[in-house]
Amino acid sequence: MSPRSTRLQWLSLGAAAMLTAAGSAQAADKTILIGMQCDRTGPTQVVGTKLCPGTHDYIDLINAQGGVDGWKIEAQEVDNSYKVPPAIEEYAQAKQQGAVGIMIYGTPQTEALNQRLEQDKIPGTSPGFGIAASADGKYYPYLFPIAANYWSQGAAAVKFAKDQLGGSLKGKKIAYVFYDNPAGHEPLPVIEELAKTEGFQLQTFAVPPPGVYVSSQVLAIAQQYRPDFVIDHTFGKSPALLIKGFKENGYPLNKVVALVWASGEADIQGAGGWDVAQGYNTMQFAGAGEDYPIIKAIQEMYQKKGQSPPAAMQATVYYNRGVEQGALWVAAIRNALKLSHGEKPTPTQVKEGFEMIHDMTLGGLIPPLTITAADHEGGGWVRIFQVKGKA
C-alpha cells in the first residue's frame, strides 16, 4: 500500500469516527428547548423576579424525576426588561437555537411577536396577559393565553362587583383605573359593553407609565367620583401606591377588586403591609398560598438538595403562576411526545400538545383547565381572594 493510500484510509477512518461520535452525541442529547422571556430589571420586575423562578423550579422538579419520557426540558431565560425590541431579538435567538416554543412576557411583546409565531409555526404563551382575542384558536393558531385573559378578567370583575353590591349594578358607579398601555386598555371594550347592559355608570382613570404617580387618580376616585366599586388594572409599582392612597383617603378596600397583575403579596407589602391592605380583593388564575401538593413537592426537592426554598416562593401569588406556566409547557410537551412517537417533537406538535390538555388542576392550584383548538384560553376561570389578617 502506498503512503498516499494509507493516508486516505486513515482520513476515511477518522471521518467515519467523527460521524459516529456526532451521531452518538446527537442521540444522547435528549433536550427539548423552550425560549423563556422575563422581566427582572424593568418596570414589572416585582412580578418577574417571583414568577420566573416558579417556572424554573417546576421544570427542575420534572427533570429531577427523569424528565418527560426521558427528555430533559430546558427553559432558556432572557431578561427583556419589559421592552419590545429585546423581546423580538430573544425570540429570533430562541428560534435559531431550535426552541419548540416561547414563553412570552408582556402584552406589548405579545402583540409584537404574534405574527412571527404564525409565520414560523411556533407556539407562544401569554398567561393572563397579551391579546384577549387570542382565546380563539381559529384566528390565533399559535398564541395561547392558557389562563383568563383580560376580557375574562374584566367580565369577572364586573360580576364580582355586582355580587358584592346586592345582585344589581343599575344606577351604580364603577371606576376603572388602569395602566395606560395596551394591557391596560385591553379589558375596556368588555367593561364598556357591560356598563350598557348592566346599567352602571363607568368612569376611567389612566395611570401613565411607568406608573409611579397615582395621587391625582386616587383623589379623583376617592374624593370626587366616589364610586360604588373600583376595578384596578395596574401593575408594577402602581398597585401598592393605589392601595396606600385609597387607605389614606378613606376609600374602603373591600370595594376594590384588582385584576391579576395588581394582586400579589409584593403589592401589599409595598403599600405598607397586611394591616394597610385589609379587605383588598384580588383576582387570581392560580391559587395563593403554599398549601398545594405541587408546591410541597418543590419544597421537598430543595430539602433533598440540602437547600432552603428560594425567597421568591414566599411571594406565592406570582411564584405559583410561574409554576403553572412551567406545568402547562411540560403537559404540552408530554402530549407532543405521544404525537411524535418519542422523537423530539416539532413546534407544531407542541402546539397540538397544548390543545390536548384536558381538565388540568395541578392538585387544586388552578381551576379546571381544558385547552382545545377552538379555546386557547382554557375556560377563562378566576378565583377572588381577599386580604384578611396576615394572608
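Before reading on, note that the structure itself is shown above.
Reference entry: report on the structure contained in this document. Since we're looking at a predicted model, the values are computed, not measured.

**A few points about the packing of helix H11 (residues 293-304) against helix H12 (residues 316-339)**
The relative placement of two packed helices is expressed as an angle between their axes plus a distance between the axes. Packing of H11 against H12 brings their axes to within 11 Å, and their N-to-C directions diverge by 90 degrees. The orientation of H11 with respect to H12, classified from their angle, is roughly perpendicular. Within the contact between the two elements, H11 uses Ile294, Ile295 and Ile298 and H12 uses Tyr319, Asn320 and Val323. By residue class, the composition of the contact of H11 with H12 is 5 nonpolar, 1 polar and no charged.

**Observations concerning the side chain of Asn181**
Its location among the elements puts Asn181 in the loop between strand S6 (173-179) and helix H6 (182-185). Among the residues examined, Asn181 registers a relative accessible area of 10% and is labelled buried. Only 3.0 Å separates the side chain of Asn181 from the backbone nitrogen of Ala183, close enough to count as a polar contact. Among all residues touching Asn181, those that are not within four sequence positions of it are Tyr82, Pro108 and Phe235.

**So, the sheet that holds strand S1 (residues 31-38)**
The strands making up a sheet are joined through hydrogen bonds of the backbone, oriented either antiparallel or parallel. Across the sheet, 5 strands lie side by side as S2-S1-S3-S4-S5; this open sheet has parallel pairing. One side of each edge strand has no neighbouring strand; the edge strands of this open sheet are strand S2 (72-79) and strand S5 (143-144). Alignment of strand S4 (residues 124-125) against S5, held across 2 bridges, turns out to be parallel. Within S5, the residue paired with Gly124 across the bridge is Leu143.

**Structural notes on the side chain of Asn149**
Relative to the helices and strands, Asn149 is located in the loop between S5 and helix H5 (150-164). The exposure class of Asn149 is buried, given its relative accessible area of 2%. Once residues lying within four places of it in the same chain are set aside, the contact partners of Asn149 are Ala132, Ala135 and Glu377.

The rules behind each value
- Residues numbered from 1 in each chain as written.
- Predicted model: local features only at pLDDT ≥ 70, side-chain atom pairs only at ≥ 80, totals over all residues.
- Heavy atoms only, no water.
- Axes fitted to C-alpha atoms, helices over the stretch in contact; angles between N-to-C directions.
- Helix = DSSP H or I, 4+ residues; strand = E, 2+ residues; numbered from the N terminus.
- Parallel < 35°, antiparallel > 145°, perpendicular 65-115°, else oblique.
- Contact = heavy atoms within 4.5 Å.
- Nonpolar A, V, L, I, M, F, W, Y, C, P; charged D, E, K, R; others polar.
- Buried < 20%, exposed > 50% of the residue type's maximum accessible area, 1.4 Å probe, protein only.
- Polar contact = N/O pair within 3.5 Å; in protein donor to acceptor, adjacent residues only side chain to side chain.
- Pairing = 2+ DSSP bridges.

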